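Structural overview
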Amino acid sequence: MSTLMSIVSVAAVLAAASAGLAVAADLPNEGNYDYQVCYTRNVTRIDFSGTHRGYSYEESGTAVSNPPGGMFDADTVRCVGAIAVFNGKRSGTSICEGAAKDGAKRLTRFQYDADNKLVRDEVAGTGKYEGMVTTGTVREVVQPKEVKPGTTTFCNQATGTYKLK
């Protein structure tokens, strides 16, 4: 019986060690990222007229990278923002915090530029994200759908490059 228990114990230790190696595998210091986040957004709106409106929001979701295990995979993401739309032109800022399972965090700002395009800017990071630089784009892949008054769901895809410190 003790021999069987020893074999089982050795097998369990080997399995745990190999799983630890897979989890501990570090991502390269630079490369590409491609991930999707499906958000639930709570919105407070002011619909002043057909040409003037604004809203603030809080949203959250979890990143899923392509391929699995890539940069930002399984990060939880939460954002707050305020957007104004005057005569078809958007303005506003969103601030998002991404948190990895190891506790590392990143703070990202999104703003609309003069051409009404969303611009992404890494502001700060902790842990493995400290000093990170990214370039890239964000695009909507699932259009917002109201699930109840004031709450919508939608999905965005972010792609680009990253460089760690």
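Residues numbered from 1 in each chain as written. Predicted model: local features only at pLDDT ≥ 70, side-chain atom pairs only at ≥ 80, totals over all residues. Heavy atoms only, no water.

Focus: the overall build of the chain
From N to C terminus, the chain includes 1 helix and 8 strands. Counted from the first residue to the last, the chain has its helices and strands arranged as α-β-β-β-β-β-β-β-β. A burial count over the chain gives 28% of its 165 residues as buried. By sequence separation, contacts in the chain at least 24 residues apart represent 47% of the contacts at least 6 residues apart. Summed over all atoms, the accessible surface of the chain reaches about 10,500 Å², with 58% contributed by carbon and sulfur. (Helix = DSSP H or I, 4+ residues; strand = E, 2+ residues; numbered from the N terminus. Buried < 20%, exposed > 50% of the residue type's maximum accessible area, 1.4 Å probe, protein only. Contact = heavy atoms within 4.5 Å. Areas by Shrake-Rupley, 256 points an atom, 1.4 Å probe, with all protein chains shown as cover.)

Side note on the pattern of salt bridges
Counting across every chain of the model gives 9 salt bridges. For Lys-128, the salt bridge is made with Asp-102, and the minimal N-O distance between the two is 3.6 Å. With a gap of 26 residues between them, Lys-128 in the loop between strand E6 (118-125) and strand E7 (133-148) and Asp-102 in the loop between strand E4 (89-99) and strand E5 (105-112) connect regions that are remote in the sequence. Its salt-bridge partner being Arg-109, residue Asp-121 comes within 2.6 Å of it at the nearest N-O pair. (Salt bridge = Lys/Arg side-chain N within 4 Å of Asp/Glu carboxyl O.)

Considerations on the layout of surface pockets
When its volume is computed, the largest pocket comes out at roughly 830 Å³. Residue lining of the largest pocket: 35 residues in total, with Arg-41, Tyr-112, Glu-140, Phe-154 and Asn-156 positioned closest to the centre. When residues of the lining of the largest pocket are traced back to their parent elements, those giving at least two are strand E1 (30-47), strand E2 (52-65), strand E3 (76-86), E4, E5, E6, E7 and strand E8 (151-163). It is E1 that provides the largest number of residues to the lining of the largest pocket, a total of 6 residues. For the lining of the largest pocket, the class distribution of residues is 18 nonpolar, 7 polar and 10 charged. (1 Å grid on protein atoms, 1.4 Å probe; cavity = no way out; pocket = protein on both sides within 12 Å on 5 of 7 lines; lining within 4 Å. Points joined across faces, edges and corners; volume = space filled by probe spheres on them. Nonpolar A, V, L, I, M, F, W, Y, C, P; charged D, E, K, R; others polar.)

Observations regarding the pairing of E6
Direction of pairing for E5 relative to E6: antiparallel, over a ladder of 7 bridges. By the bridge assignment for E6, Phe-110 is matched with Arg-120. In textbook terms, the turn of a hairpin is the stretch between consecutive antiparallel strands, and for E5 and E6 this stretch comprises 5 residues, one of which, Asn-116, has a positive phi near 70°. (Pairing = 2+ DSSP bridges.)

Brief notes about unusual backbone geometry
The phi torsion of most residues other than glycine is negative, and most of the peptide bonds are trans. Omega for the bond connecting Asn-66 with Pro-67 falls within 30 degrees of zero, at 5°, which places this linkage in the cis form. Positive phi outside glycine occurs at Asn-87, with the angle close to 50°. Here Asn-87 shows up in the loop between E3 and E4. Here the phi dihedral of Asn-116 falls at roughly 70°; this positive angle occurs in a residue that is not glycine.

As for the pairing of E4
Relative to E4, E3 runs antiparallel, the two sharing 11 bridges. Paired with Phe-86 across the bridge in E4 is Lys-89. Between the end of E3 and the start of E4, which pair antiparallel, lie 2 residues, with Asn-87 showing a positive phi angle near 50°. Here E4 runs beside E5; their pairing, made up of 7 bridges, is antiparallel. Considered in E5, the bridge of Thr-93 is made with Gln-111.

Quick word on the sheet that holds E4
Pairing is antiparallel across the open sheet formed by 8 strands, whose spatial order is E6-E5-E4-E3-E2-E1-E8-E7. Whereas interior strands pair on both sides, the edge strands pair on one side only; in this sheet they are E6 and E7. The mean inter-strand angle of the sheet, taken between neighbouring strand axes irrespective of direction, is 20°. (Axes fitted to C-alpha atoms, helices over the stretch in contact; angles between N-to-C directions.)

By themselves, these observations are geometric and do not establish any function.
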